[in-house]
Amino acid sequence: IESALELELFPENAFADGIDYNSARNYNMWLLRNLQNGPGQNACKLRPFYIGEKYNIFQFPIFHSLMAFVPPEKYFKTNPEYFSMNKDGKRIKPRSAGIGGCLCMSNPKVAKVTAENMLALIRKDRKLMPNGYCPKIYDLSLLDNFPYICYCPECVKVINAHGGEKGAGNTALMLLYSNDVANQVAKEFPNVTIRIFAYSCCQKPSNTVKPAKNLLIQYCDLFAHGDSFRPLTHKFNKTSYKYLTGWSKTGASLMVWDYWNLVAGGAHRPDTVIDTIQPDFKLFQ
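Residues numbered from 1 in each chain as written. Predicted model: local features only at pLDDT ≥ 70, side-chain atom pairs only at ≥ 80, totals over all residues. Heavy atoms only, no water.

Novice: Hey, could you run me through the overall build of the protein in this one?
Specialist: On a plain count of helices and strands, the protein comes out with nine helices and six strands. Here the protein holds 285 residues, and 46% of them are scored as buried. For the protein, the proportion of contacts with a sequence separation of at least 24, taken over those separated by at least 6, is 62%. (Helix = DSSP H or I, 4+ residues; strand = E, 2+ residues; numbered from the N terminus. Buried < 20%, exposed > 50% of the residue type's maximum accessible area, 1.4 Å probe, protein only. Contact = heavy atoms within 4.5 Å.)

Structure follows, in structure tokens:
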């Protein structure tokens, strides 16, 4: 590395061109020395040193990832039934890889395709990486900016059987699909964990469907439900607090996506939620 520009471009070039593990390790050590390592350095296919197994995710994208395993560019023309139906009876193609769409989760073929493509990725990772660096977590999370799962007759039937849209029917539908995928993956890779999001229409915990043991639930504390400048235990945040404590009662493995400094319209806000951090950490513990 001969210049600052080359250093800045190194991860992108390494990802595109391939990199041996000694070089990747040396680069990661350089980041650690300069206090720059973190989960964003996954382009070198080497786990950052301090982040731990809960963030050992090297797929792309690392969240809002449903379409990584059922890509619309491959399946939408031939199998539109794999994707969400709106209230008008039309199948919806996602607006982009991570935004504006979902899958028809009552269709067992969708879970089968998802599992097959996830297994192919896991096998590929295990060929590319030494055992000590193989990812143990794969993300299978809902897309952003999409307020429902699917309105096809079969999905609606499942949703209504588990509390309806106003209850946790969407969450139950997502868990049934995710459990199916998780069980198929576990047959070949019992030590792999699949992370899903308790987010958007699936934020409410389900009392009727229990998550599979190899699922990790990432609860997303949606700032739209309350006040990020007050602890979750505050009365203004009673909805988020109710959902979080409800998920904890399911016995599922949990992690939290928490919103602190909020960004709107590209403008960084100077304020920090100082009064929220300590009590919320205590609550999470």
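Novice: Quick question: what am I supposed to make of the packing of helix α5 (residues 108–128) against helix α7 (residues 169–188) here?
Specialist: Geometry of a packed helix pair, given as the angle between the helix axes and the separation of the axes. Interaxial distance between α5 and α7 falls to 9 Å at its minimum, and their mutual angle equals 40 degrees. Considering the angle they form, α5 stands oblique to α7. Considering only the axes of α5 and α7, their crossing is right-handed. Across the interface between the two elements, V110, A111, K112, T114, A115, M118, L119, I122 and R123 of α5 pack against Y177, D180, V181, Q184, V185 and E188 of α7. (Axes fitted to C-alpha atoms, helices over the stretch in contact; angles between N-to-C directions. Parallel < 35°, antiparallel > 145°, perpendicular 65-115°, else oblique. Left-handed = near helix turned anticlockwise from the far one by under 90°.)

Novice: Could you clarify how one ought to interpret the side chain of D139 in this entry?
Specialist: Counting through the fold element by element, D139 comes out in strand β1 (residues 137–139). Given a relative accessible area of 0%, D139 falls into the buried group. Looking at D139, its side chain comes within polar contact range of the side chain of S65, at 2.6 Å. Within the structure, D139 has its side chain in polar contact with the side chain of R195 (distance 2.7 Å). Beyond its immediate chain neighbours, meaning those up to four positions away, D139 contacts Q59, I62, F63, H64, S65, F69, M118, R195 and F197. (Polar contact = N/O pair within 3.5 Å; in protein donor to acceptor, adjacent residues only side chain to side chain.)

Novice: Before we go on, may I ask you to explain unusual backbone geometry in this structure?
Specialist: If a residue is not glycine, its phi is most likely negative; likewise, a peptide bond is most likely trans. Even without being glycine, N145 reaches a positive phi, approximately 55 degrees. Mapped onto the elements of the fold, N145 is located in the loop between β1 and α6 (153–161). For S200, which is not glycine, the phi dihedral falls at a positive 55 degrees. Within the secondary structure, S200 is located in the loop between β2 (193–198) and β3 (215–220).

Novice: Quick question: what am I supposed to make of the packing of aromatic side chains here?
Specialist: In the structure shown here, the tally under the stated rule is seven aromatic pairs. Taken together, a centroid distance of 6.4 Å and an interplanar angle of 55 degrees make the contact between F197 and W257 tilted. Of the two residues, F197 is situated in strand β2 and W257 in strand β4 (residues 253–257); the sequence distance between them amounts to 60 residues. Under the relative-accessibility criterion, W257 is labelled partly exposed at 27%. Put simply, the rings of F63, F197, Y199 and W257 pair up and form one aromatic cluster. (Phe/Tyr/Trp six-rings, centres within 6.5 Å; stacked < 30°, edge-to-face > 60°.)

Novice: How do you make sense of α5 when you look at a structure like this?
Specialist: Working note: α-helix, 3.6 residues per turn, so residues spaced by three or four point in the same direction. Look at α5: 31 Å from first C-alpha to last across 21 residues, which is about the 30 Å you get at 1.5 Å a residue. Residues V110, A111, V113, T114, A115, M118, L119, I122 and D125 constitute the buried set of α5. At its buried positions, α5 is contacted by α3 (66–69), α4 (72–75), β1, α7 and β2. Measuring from the backbone nitrogen of K109 back to the side-chain oxygen at the start of α5 gives 2.9 Å, which picks out N107 as the cap. (Expected span 1.5 Å × (residues − 1).)

Novice: I keep staring at the pattern of salt bridges and nothing clicks. Help me out?
Specialist: As a working rule, side chains carrying opposite charge can pair if their charged atoms are close by. A complete count under the given rule lists four salt bridges for this structure. One salt bridge in this structure joins E188 and R123, with 2.9 Å as the shortest N-O distance. Highlighted residues: E188 in helix α7 and R123 in helix α5, separated in sequence by 65 residues. (Salt bridge = Lys/Arg side-chain N within 4 Å of Asp/Glu carboxyl O.)

Novice: Looking at this structure, how should I read the nonpolar core?
Specialist: Within soluble globular proteins, side chains that are nonpolar generally end up buried alongside one another. One finds L66 and M105 to be the most contacted residues of the largest nonpolar core, which totals 59 residues. Per-element tally for this core: the top contributor is α7, with eight residues. In this view, L66 contacts C102, L103, M105, L140, S141, L142, L143 and Y177; residues no more than four positions away in its chain are not counted. The next biggest cluster of nonpolar side chains, apart from the first, holds five residues, and it includes I57, I62, L216 and M255. (Core = buried A, V, L, I, M, F, W, Y, C linked by side-chain atoms within 4.5 Å.)

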